[in-house]
Structure formats: C-alpha cells, structure tokens
Amino acid sequence: MKIATAAYPMDFLNSWKAYEDKLTRWVSEATHEGAELLVFPEYGAMELATLAGKAAAWDLERSLHAVSERMPEANALHARLAAEHGVHVLAASAPVFDPALGARPVNRAHLFAPSGAMGHQDKQIMTRFEREEWAVAPGGPLTLFDTALGKIGILICYDAEYPLFARALVEAGAEIILVPSCTEKRRGYWRVRIGAMARALEQQCITVMSSTVGEAAWSYAVDTNSGAGGVFGPPDTGFPEDGVLAAGTLDRPGWTFAQVDPAAIAHVRADGVVLNMTHWAEQHPRIGDVTRFALQ
C-alpha cells in the first residue's frame, strides 16, 4: 500500500468553506499520488477555533469548546472525502468534550474508512501543557482497527514514547501504528520520532508519524510547530538499514509518501535477523527482582 503522512500547517480560517477547500485539496493531492492511507497530525484541528473569531482562538478554554463544537461537521467532511476517494483517513486530532468520559475534553483522533465508517482513538497520557494549562483528560482505551489495509493502531504523540502501549496493540494484532504529533520545538519532534522508531524496532511493525508545522500566531496553545512526516520500520530483513522508509524535510509543509508491503511485516516477525516481538516476553521473568551488589 502507499501511505501519505502530513506535515500540516494550521491556518486562520475566514469561513467553513475555506476549511473545506483546504482539506479537499490536501486529500486530493495525496490520492493523486496513489495514497491509500492518509495520516493528519495531532491537534491539526485547532485551526477550527478560528471560525469562532480571534478572541476565541487565542483563549485556551474557549478554543477547546470552539473546536469540539465543530467536530460533527468536520467528521462528516472527512467521511465524505474518504468515501469519494476510496481511501482511509486519520483526521487531525481535536479536543472533544465527551459527556460519557467526564467534564473535561479528551484529545481524540478519528479514523475513516472508504465506506464512510468512523472510529476513534483517544490520547492516553497527557503532556504537562495538556495537564497543567489545558486540563485535557485521558480518554477511552486503546483500540485496534481491523481494516482492509491491515490491522491498525493509533498512539497520539506522547503515547508513542511508552512501549507498553505499542506492545498492547501488537499483541491485539496491530501491524501498523499511526503516530499523529504536535510538537513546538525540534527536540519535541525528535522525542516523538525516536519513540516511533523504537516502537517499530521493538514490535517489528510500521509506524507512521505526522506533524503540525509552522506558526499559528492566533493560538496560545499551538502557536509554534516543528516537525515532519515519517514512516519507519525495523532495521532488519526487508526494510532499509536505518529503518527509515520515508522522512520529510523538517518544517516543510506537505505530504511524505512511503510504499509499504504488509507481507514484509509478517516476514520480519517470522524470520528476521532478530525476533524482538517474539522475544519480548523473555523480559518478564528476568525483571521481577533486581539484585543489589555493593561494589566499593
């Protein structure tokens, strides 16, 4: 399959049509290149706050509500585009107020199938900004999406830095893990990228990282963004020596494309030079007790 992963700039939108036109253009560009799976970044939906005006977009609390209120329309647009182009689309994540989960919003990414069907994944562990300033809450559990392209999991940004999440998804059957991200500085980009590459190594799977890029001076929350798209696999049989299937240019908006053979995942798991995924369980009996030895 061909995967397209975004380095996505957020814009100040003067109308809903401006957003509709922008998203339609992005999806059309990716599908014109033959992409079957399109991955947008974490918090890319924050640009929807501008539809409520400058004051709302800048204000932390008001921006959360402004975006959440627009999500039904945004979801309908993504569903339509996925159906029209016959592709799977991971939409940019957004703060969503879900009464079933409490009074505070969750960070939620929606995945759309060509049928128009929709599922979602919530972020599990919040960064300091999400906790201390935005009060965004952890959402629902990890989900495995069984699709025509294969079994897909999603780890939103910071979640990709925690190996047990990826392990849980792989034990459920995941072959591809999508990592939508939003990072302010390059060190943040590298934290998430290193996490994504490590998860691909440990679990012998494909990880797909997307990023927000550029300035969004209208937002206190996502004012500065640095990153790039990237697709990673284990540096082993059937994959590049460095595990990098594709990497975009830092901070350059646009799509990064990679051709991925799902059979290569099965092959490396069965007969790689190393078998990290299979040997993972051998850690457990060896970490129960740590021997202490005074060497003086």
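Residues numbered from 1 in each chain as written. Predicted model: local features only at pLDDT ≥ 70, side-chain atom pairs only at ≥ 80, totals over all residues. Heavy atoms only, no water.

1. Here's the deal with the overall build of the chain
At step 1: In terms of helices and strands, the chain carries eight helices and 14 strands.
At step 2: Here the C-alpha radius of gyration of the chain, 19 Å, is about what a compact globule of 296 residues would show, namely 19 Å.
At step 3: With the C-alpha coordinates aligned to their principal axes, the bounding extent of the chain is approximately 60 × 50 × 35 Å.
At step 4: Out of the 296 residues in the chain, the part that is buried amounts to 54%.
At step 5: Of all intrachain contacts in the chain linking residues separated by at least 6 positions in sequence, the fraction that spans at least 24 positions is 67%.
At step 6: In the form shown here, the chain has an accessible surface area of approximately 13,000 Å², with 54% of it arising from carbon and sulfur atoms. (Helix = DSSP H or I, 4+ residues; strand = E, 2+ residues; numbered from the N terminus. Rg over C-alpha atoms; globule rule 2.2 N^0.38 Å. Buried < 20%, exposed > 50% of the residue type's maximum accessible area, 1.4 Å probe, protein only. Contact = heavy atoms within 4.5 Å. Areas by Shrake-Rupley, 256 points an atom, 1.4 Å probe, with all protein chains shown as cover.)

2. Describing the nonpolar core
At step 1: Tyr19, Leu38, Phe40, Leu48, Val67, Trp134 and Trp255 are the most contacted members of the largest nonpolar core, which has 47 residues in total.
At step 2: When contributions to this core are tallied by element, the ones reaching two or more residues are strand 1 (2-9), helix 1 (16-32), helix 3 (60-85), strand 4 (94-96) and strand 5 (106-112).
At step 3: Ranked by residues supplied to this core, first place goes to helix 3 with 10 residues.
At step 4: When residues no more than four places from it in sequence are discounted, the contact partners of Trp255 are Ala4, Thr5, Ala6, Trp26, Glu29, Ala30, Leu38, Val39 and Phe40.
At step 5: In terms of nonpolar packing, the next biggest core, distinct from the first, is built from 44 residues, Ile3, Leu111, Val170 and Ile177 among them. (Core = buried A, V, L, I, M, F, W, Y, C linked by side-chain atoms within 4.5 Å.)

3. What about the packing of helix 1 against helix 3?
At step 1: Running from amino to carboxyl end, helix 1 crosses helix 3 at an angle of 30°, the nearest separation of the two axes being 11 Å. Considering their axes alone, helix 1 and helix 3 lie roughly parallel with respect to each other. Seen from above, helix 1 lies across helix 3 with right-handed handedness. Residues Trp16, Tyr19, Glu20, Leu23, Thr24, Val27, Ser28 and Thr31 of helix 1 form the contact with helix 3, whose participating residues are Arg70, Glu73, Ala74, Leu77, His78, Arg80, Leu81 and His85. (Axes fitted to C-alpha atoms, helices over the stretch in contact; angles between N-to-C directions. Parallel < 35°, antiparallel > 145°, perpendicular 65-115°, else oblique. Left-handed = near helix turned anticlockwise from the far one by under 90°.)

4. Observations concerning helix 5 (residues 163-172)
At step 1: Buried within helix 5 are the following residues: Phe165, Ala166, Arg167, Leu169 and Val170.
At step 2: For helix 5, the secondary structure elements touched by its buried residues are strand 8 (150-154), strand 9 (176-180), helix 6 (186-203), helix 7 (262-271) and helix 8 (276-279).
At step 3: Two residues or fewer past helix 5, Gly173 is found with a positive phi of approximately 125°.

5. Focus on the environment of Lys22
At step 1: Of note, Lys22 is situated in helix 1.
At step 2: Residue Lys22 is classed as buried on the basis of its relative accessible area of 3%.
At step 3: Other than its neighbours up to four places away in sequence, Lys22 contacts Tyr8, Pro9, Met10, Asp11 and Glu47.
At step 4: Of note is the side chain of Lys22, whose polar atom sits 3.3 Å from the side chain of Tyr8. (Polar contact = N/O pair within 3.5 Å; in protein donor to acceptor, adjacent residues only side chain to side chain.)

6. Observations concerning the packing of aromatic side chains
At step 1: Per the counting criterion, the structure on display carries 13 aromatic pairs.
At step 2: With centroids separated by 6.3 Å and ring planes inclined at 50°, the aromatic side chains of Trp26 and Phe40 adopt a geometry described as tilted. On the criterion of sequence distance, the pair formed by Trp26 in helix 1 and Phe40 in the loop between strand 2 (37-39) and helix 2 (54-58) is long-range, its members being 14 residues apart.
At step 3: The structure contains a cluster of three or more aromatic residues connected by ring pairs, namely Tyr43, Trp58, Phe129, Trp134 and Tyr220.
At step 4: Stacked on the ring of Phe257, the Lys or Arg Lys2 has its end atom at 5.3 Å from the ring centre. (Phe/Tyr/Trp six-rings, centres within 6.5 Å; stacked < 30°, edge-to-face > 60°. Lys NZ or Arg CZ within 6 Å of the ring centre and 35° of its normal.)

7. Things to note about helix 6
Along an α-helix, residues three or four apart share an orientation, since each turn contains 3.6 residues.
At step 1: Over its 18 residues, helix 6 extends 25 Å from the first C-alpha to the last, a length consistent with the 26 Å expected when each residue adds 1.5 Å.
At step 2: For helix 6, the complete set of buried residues consists of Gly188, Tyr189, Val192, Arg193, Gly195, Ala196, Arg199, Ala200, Glu202 and Gln203. (Expected span 1.5 Å × (residues − 1).)

8. Thoughts on unusual backbone geometry
Working note: non-glycine residues mostly have negative phi, and peptide bonds are mostly trans.
At step 1: In this structure, Tyr43 takes a positive phi of about 55° despite not being glycine.
At step 2: Looking at the secondary structure, you find Tyr43 in the loop between strand 2 and helix 2.
At step 3: Phi angles above zero are rare outside glycine, and Gln204 is one such case at about 50°.
At step 4: As for its position among the elements, Gln204 is in the loop between helix 6 and strand 10 (206-215).
At step 5: Looking at Gln204, the relative accessible area reads 1%, which means it is buried.

9. What to know about the environment of His88
At step 1: Summarising the element assignment, His88 is placed in strand 3 (residues 88-90).
At step 2: Separated by 35 residues in sequence, His88 and Lys123 have C-alpha atoms that sit 20 Å apart.
At step 3: The residues touching His88, leaving out its near neighbours within four places in the chain, are Glu36, Leu37, Leu38, Phe112, Ala113, Pro114, Thr147, Ala148 and Leu149.

10. Some thoughts on the packing of helix 5 against helix 6
When two helices pack together, their arrangement is given by the angle between the helix axes and the distance between those axes.
At step 1: Running from N to C, helix 5 and helix 6 cross one another at 45°; their axes reach a closest spacing of 10 Å. Here helix 6 runs oblique to helix 5, going by the angle between their axes. Taken as a pair, helix 5 and helix 6 cross one another with a handedness that is right-handed. Side by side, helix 5 and helix 6 meet where Pro163, Ala166, Arg167 and Val170 of the first sit next to Arg199, Glu202 and Gln203 of the second.
At step 2: By residue class, the composition of the contact of helix 5 with helix 6 is three nonpolar, one polar and three charged. (Nonpolar A, V, L, I, M, F, W, Y, C, P; charged D, E, K, R; others polar.)

In short, the description is geometric, and any link to function would need to be established separately.
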